[in-house]
Amino acid sequence: MQRTIKLLKEKNTYLERFYEINESELSNFANRNFDGLEGFYQTRDSLLELIRDIDGLIDVENRGPNDHLEPSQATKTEIELLLKEKTQWVKAILAQDLHILSSVEKEKSSIITELRATKRAKKVVGAYHSGAQQVQLDEEA
């Protein structure tokens, strides 16, 4: 059970790191700075992979032979607290992800609007051709 507790603590540490990375990037998004978006998603994917690996280790640990059949009340309490902490991190991260998706969608909409305005402006400029025509002389004449 002590190994499970250690793994749960490690998982919560990675969830906290995930949260911190989201917070940092959300402040960049608030300033309309999306330059680090690719690296941001790569870092998140790496952390998620580590968390999946820890979950796999926890599963293996819980399927293996136990040192003793019934864990102590203190161990049960510690595990419950770690699971509650995990749930809090997950809820906070999900709320952040909604903000991240919203920020990315707003920026995407803004870019699409700008592209449409640019396209219309080019069309208008093209319609107001100056009218000056170039005359080509026939050199044979």
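In what follows, the accompanying structure is described. (Residues numbered from 1 in each chain as written. Predicted model: local features only at pLDDT ≥ 70, side-chain atom pairs only at ≥ 80, totals over all residues. Heavy atoms only, no water.)

## As for the packing of aromatic side chains
Turning to step 1, where the next piece is worked out: As enumerated under the stated definition, the model contains four aromatic pairs in all.
Turning to step 2, where the next piece is worked out: Relative to Tyr41, the ring of Phe40 lies with its centre 5.2 Å away and its plane at 55°, an arrangement referred to as tilted.
Turning to step 3, where the next piece is worked out: The class for Phe40 is buried, based on a relative accessible area of 3%. (Phe/Tyr/Trp six-rings, centres within 6.5 Å; stacked < 30°, edge-to-face > 60°. Buried < 20%, exposed > 50% of the residue type's maximum accessible area, 1.4 Å probe, protein only.)

## Describing unusual backbone geometry
Turning to step 1, where the next piece is worked out: In the Ramachandran plot, Arg32 falls in the positive-phi region, its phi being about 60° despite a non-glycine side chain.
Turning to step 2, where the next piece is worked out: With respect to the helices and strands, Arg32 occurs in the loop between α1 (2-30) and α2 (37-63). (Helix = DSSP H or I, 4+ residues; strand = E, 2+ residues; numbered from the N terminus.)

## Description of the environment of Lys86
Turning to step 1, where the next piece is worked out: Tracing the backbone through its elements, the reader meets Lys86 in helix α3 (residues 73-127).
Turning to step 2, where the next piece is worked out: The class for Lys86 is partly exposed, based on a relative accessible area of 24%.
Turning to step 3, where the next piece is worked out: As for Lys86 and Lys11, which are separated by 75 residues in sequence, their C-alpha atoms are 7.9 Å apart.
Turning to step 4, where the next piece is worked out: If sequence neighbours within four positions are ignored, Lys86 has contacts with Lys11, Asn12 and Leu15. (Contact = heavy atoms within 4.5 Å.)

## Overview of the packing of α1 against α2
Turning to step 1, where the next piece is worked out: It is at 10 Å that the axes of α1 and α2 come closest, and there the two elements cross at 165°. Of the possible angle classes, the one that applies to α1 and α2 is roughly antiparallel. Remark: the crossing between α1 and α2 carries left-handed chirality.
Turning to step 2, where the next piece is worked out: Residue composition of the contact of α1 with α2, grouped by class: 16 nonpolar, four polar and eight charged. (Axes fitted to C-alpha atoms, helices over the stretch in contact; angles between N-to-C directions. Parallel < 35°, antiparallel > 145°, perpendicular 65-115°, else oblique. Left-handed = near helix turned anticlockwise from the far one by under 90°. Nonpolar A, V, L, I, M, F, W, Y, C, P; charged D, E, K, R; others polar.)

## Focus: the side chain of Glu25
Turning to step 1, where the next piece is worked out: By the secondary structure assignment, Glu25 is in helix α1.
Turning to step 2, where the next piece is worked out: Those residues in contact with Glu25, other than ones at most four positions away along the chain, are Asn33, Gly36, Leu37 and Phe40.

## Some remarks on α1
Turning to step 1, where the next piece is worked out: Taking 1.5 Å as the rise per residue, α1 with 29 residues should run 42 Å; its terminal C-alpha atoms sit 42 Å apart, in good agreement.
Turning to step 2, where the next piece is worked out: Positioned one or two residues after α1, Arg32 has a phi angle of 60°, which is positive. (Expected span 1.5 Å × (residues − 1).)

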